[in-house]
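# Survey of secondary and tertiary structure
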Amino acid sequence: MRIVKATLTPLRLELLQPLKTARGTYSAREGFLVRLEDEEGRVGLGEAMPLPEFGTESLPVCGEVLAAWLSSLEGQFLGDTVRAVEDTLSPFPPTVARGEGVRVRARHPAPPGPVPAAEHALELALLDLLARRQGVPLCWLLAEEARPEVLVNALLSGETAEALVDEARAAVAEGYGTLKLKVSGRALEEDEQRVKAVREAVGPDVKLRLDANGGWTELEAKRALDKLGWYQLELVEQPTPPDDLAALWRVQRRAPCMVAADESLGSPETLRALLGADPLMGGGPAVGAVVLKPMVLGGLLPGLVVAMRAARLGMQAYVTSSLDGVVARAGAAHLAAALPSGALASGLAVGRLFKSEPAVHDYRPLHGRIRLPETPGLGLDAGAVV
């Protein structure tokens, strides 16, 4: 295929209400839409939504790098295979675990550091275009036996116990079987009131997971889980600081539920230690699961590599959005469908948090699931997602 046109469009997604996490409060997300067109008029879409506090490049750097890369791609002939996509990306400095083949000499100016959001956008657009050319859903490029649908959790964004109860009841009524609640960054007693209120509102059969975003110290995490563990937790994401795997391991060993590493995957060094069964952790996995954010890992292909390596070490994997737009969430859904296991719900039901979410698209959850479209590629129209 030949790339005859490559365009970059700024994106700004405003939230209906600010979302508070231990790493900050978000009222809007900004990024870019990538559009690649081949000689037959087919279009592949990609999205970059940098999140520097999670390990990506800044918004200005992302835009500058993507503009340079897209300019260099126009007029290039590319192969019609996934390996060709990897080879196209290989001149760009890798972030985490992109293909392990031989690197070719860079054809582009080197960015100032890791640029996973830019890599994600370009990779997704190339994979979308390739899948459209082959006439298959994108997930089929990742796994021959990809699942046709993925379980997703509902993210509760309310601050007060009362607001959370209303959200939780509405989510369960819609068919969600897993709810996620942000914790840390406030008094433990307040978090306990919030968790208790949600559990009492939805009953014992709904799965409840917590996300601390690395906001507790090791001691605080142990104390918090001693208290919050009474409320039948499915798992807790990143209870301790991302760069301290030993603390994460120790918390997992006494926690009343599964611990999932999230922000720890944002550092290549920490990720290598996590997937290498560091001797400090007794030769075993540090946690029960890893949380894959394609935007932070640099794309779907690196995310799949991480999931497969984690599975060999006995860790499960699931995919979450980094508060992304429809295009990135669509790609993440295809990755989730290709994971070794789909037992854990993925965090891709965040469209309701945005003011300008497109009215109609195929990646809206229904009854706690996203059913992947059978159309080629992502099956999205650029005009309908911006």
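Refer to the structure above for everything that follows.
Presented here is a report on the structure given in the accompanying data block. (Residues numbered from 1 in each chain as written. Predicted model: local features only at pLDDT ≥ 70, side-chain atom pairs only at ≥ 80, totals over all residues. Heavy atoms only, no water.)

Before going further, it helps to examine the pairing of strand S3 (residues 43-48). With 6 of 6 residues buried, S3 lies mostly within the body of the structure. Going residue by residue along S3, you find Val43, Leu45 and Glu47 tucked away on one face and Gly44, Gly46 and Ala48 tucked away on the opposite face as well. Bridge analysis of strand S2 (residues 24-38) against S3 gives 6 bridges, and the strand direction is antiparallel. Counted as the bridge partner of phenylalanine 32 is alanine 48 from S3. Between the end of S2 and the start of S3, which pair antiparallel, lie 4 residues, with glycine 41 showing a positive phi angle near 85°. (Buried < 20%, exposed > 50% of the residue type's maximum accessible area, 1.4 Å probe, protein only. Helix = DSSP H or I, 4+ residues; strand = E, 2+ residues; numbered from the N terminus. Pairing = 2+ DSSP bridges.)

Among the nonpolar cores identified, the biggest contains 123 residues, and Leu36, Leu66, Leu179, Val195, Leu265, Leu274 and Leu292 are the most heavily contacted of them. With 11 residues, helix H3 (residues 116-134) is the largest single contributor of residues to this core. Those residues in contact with leucine 274, other than ones at most four positions away along the chain, are Leu245, Ala261, Leu265, Ala286, Val287, Val290, Leu313 and Met315. By size, the runner-up hydrophobic cluster in this structure holds 6 residues, among which are Ala289, Val291, Tyr318 and Leu344. (Core = buried A, V, L, I, M, F, W, Y, C linked by side-chain atoms within 4.5 Å. Contact = heavy atoms within 4.5 Å.)

Its location among the elements puts glutamate 192 in helix H6 (residues 188-202). If we skip the residues at most four places from it in the chain, glutamate 192 touches Lys227, Leu228 and Tyr231.

What follows deals with the packing of helix H2 (residues 82-89) against H3. The geometry of H2 relative to H3 is characterised by a closest axis approach of 10 Å and an angle of 150° between their N-to-C directions. Judged by the inter-axis angle, H2 sits roughly antiparallel to H3. Where H2 crosses over H3, the two elements pack in a sense that is right-handed. Where H2 abuts H3, its residues Val82, Val85, Thr88 and Leu89 lie against Glu119, Leu122, Glu123, Leu126, Leu127 and Leu130. Split into classes, the residues belonging to the contact of H2 with H3 amount to 7 nonpolar, 1 polar and 2 charged. (Axes fitted to C-alpha atoms, helices over the stretch in contact; angles between N-to-C directions. Parallel < 35°, antiparallel > 145°, perpendicular 65-115°, else oblique. Left-handed = near helix turned anticlockwise from the far one by under 90°. Nonpolar A, V, L, I, M, F, W, Y, C, P; charged D, E, K, R; others polar.)

We now examine the pairing of strand S9 (residues 289-292). Here S9 shows a buried face lined by Ala289 and Val291 and a second buried face lined by Val290 and Leu292. By the bridge criterion, 2 bridges tie strand S8 (residues 258-261) to S9 in an arrangement that is parallel. Across the sheet, residue alanine 260 finds its bridge partner in S9, namely alanine 289. Where S9 and strand S10 (residues 316-319) come together, 4 bridges link them in parallel fashion. Looking at S10, one finds that valine 291 is bridged to tyrosine 318.

Of note, alanine 328 is situated in helix H12 (residues 326-338). Measuring from C-alpha to C-alpha, the distance between alanine 328 and glutamate 123 comes to 11 Å, with 205 residues separating the pair along the chain. Beyond its immediate chain neighbours, meaning those up to four positions away, alanine 328 contacts Glu47, His120, Leu124 and Met295.

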